[in-house]
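Below are the chains, spelled out letter by letter.
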Amino acid sequence: MKNKVILLASDQLGKGEKELGEGILETFFTLLKQKEELPAAVFCMNRGVFTLTESSLVSLQLKDLEEKKVAVLACKTCVDYYELNEKLTAGQISGMDQFIELASKYEVITLS
């Protein structure tokens, strides 16, 4: 995962049952945080910003990644749209300009 940015565009992984997709996404980040090589950043947009709230178990894994110096970023437009400003428990508000900068430096892996 070194030299990569994860673009998290959903609060679940895959297009099946919501609970299953949320569980799979949590497992992904649980395993990822245990790796020696971590991504440069996780950029959350669209419904991906919900993973940064207390209502998502993924937020715990993303907090752990932050503690390991992985930038965890939330799209400001998306946070504003879903009115989550006061509900974020992980990550920092960011803009699309920062994602574009990251995408120009690193390979992007999209999870949706």
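How each quantity is defined
- Residues numbered from 1 in each chain as written.
- Predicted model: local features only at pLDDT ≥ 70, side-chain atom pairs only at ≥ 80, totals over all residues.
- Heavy atoms only, no water.
- Pairing = 2+ DSSP bridges.
- Helix = DSSP H or I, 4+ residues; strand = E, 2+ residues; numbered from the N terminus.
- Axes fitted to C-alpha atoms, helices over the stretch in contact; angles between N-to-C directions.
- Phe/Tyr/Trp six-rings, centres within 6.5 Å; stacked < 30°, edge-to-face > 60°.
- Buried < 20%, exposed > 50% of the residue type's maximum accessible area, 1.4 Å probe, protein only.
- Lys NZ or Arg CZ within 6 Å of the ring centre and 35° of its normal.
- Contact = heavy atoms within 4.5 Å.

Caption draft 1: Expanded view of the sheet that holds strand β3 (residues 71–75). Taken in spatial order, the five strands line up as β4-β3-β2-β1-β5 in an open sheet, and their pairing is parallel. A single partner strand is all that each edge strand has here, and the edge strands are β4 (92–94) and β5 (107–111). Taken over all neighbouring pairs, the strand axes of this sheet differ in orientation by 30 degrees on average, direction set aside. In this sheet, β4 lies alongside β3 in parallel orientation, the contact comprising three bridges. When the bridges of β4 are listed, L73 appears paired with Q92.

Caption draft 2: Looking closely at the packing of aromatic side chains. Applying the stated criterion across every chain yields a total of four aromatic pairs. With 5.1 Å between their ring centres and 90 degrees between their planes, F28 and F29 make a pair best called edge-to-face. For F29, a relative accessible area of 0% corresponds to the buried category. Centre to centre, the rings of F43 and F99 are 5.0 Å apart; their planes meet at 40 degrees, and the pair counts as tilted. Placement of the pair is F43 in strand β2 (residues 41–44) and F99 in helix α4 (residues 96–105), with a sequence separation of 56 residues. The same class applies to F43 as to F99, namely buried. Among the aromatic residues, those joined into a ring-pair cluster are F50, Y81 and Y82. The ring of F50 carries R47 above its face, with NZ or CZ at 4.3 Å from the centroid.

Caption draft 3: Expanded view of the environment of V72. Within the secondary structure layout, V72 lies in strand β3. With a relative accessible area of 2%, V72 lands in the buried category. C-alpha of V72 to C-alpha of F43: the two residues are 29 residues apart in sequence and 6.0 Å apart in space. Excluding residues within four positions of it along the chain, V72 makes contact with V42, L52, L62, E66, G91 and Q92.

Caption draft 4: Representation of unusual backbone geometry in the model. Even without being a glycine, N3 presents a positive backbone phi close to 65 degrees. Note that N3 resides in the segment before β1 (4–8). Here N46, not a glycine, exhibits a phi torsion of approximately 50 degrees, which is positive. Its place among the elements puts N46 in the loop between β2 and α2 (58–67).

Shape is all these values report; function is a separate question.
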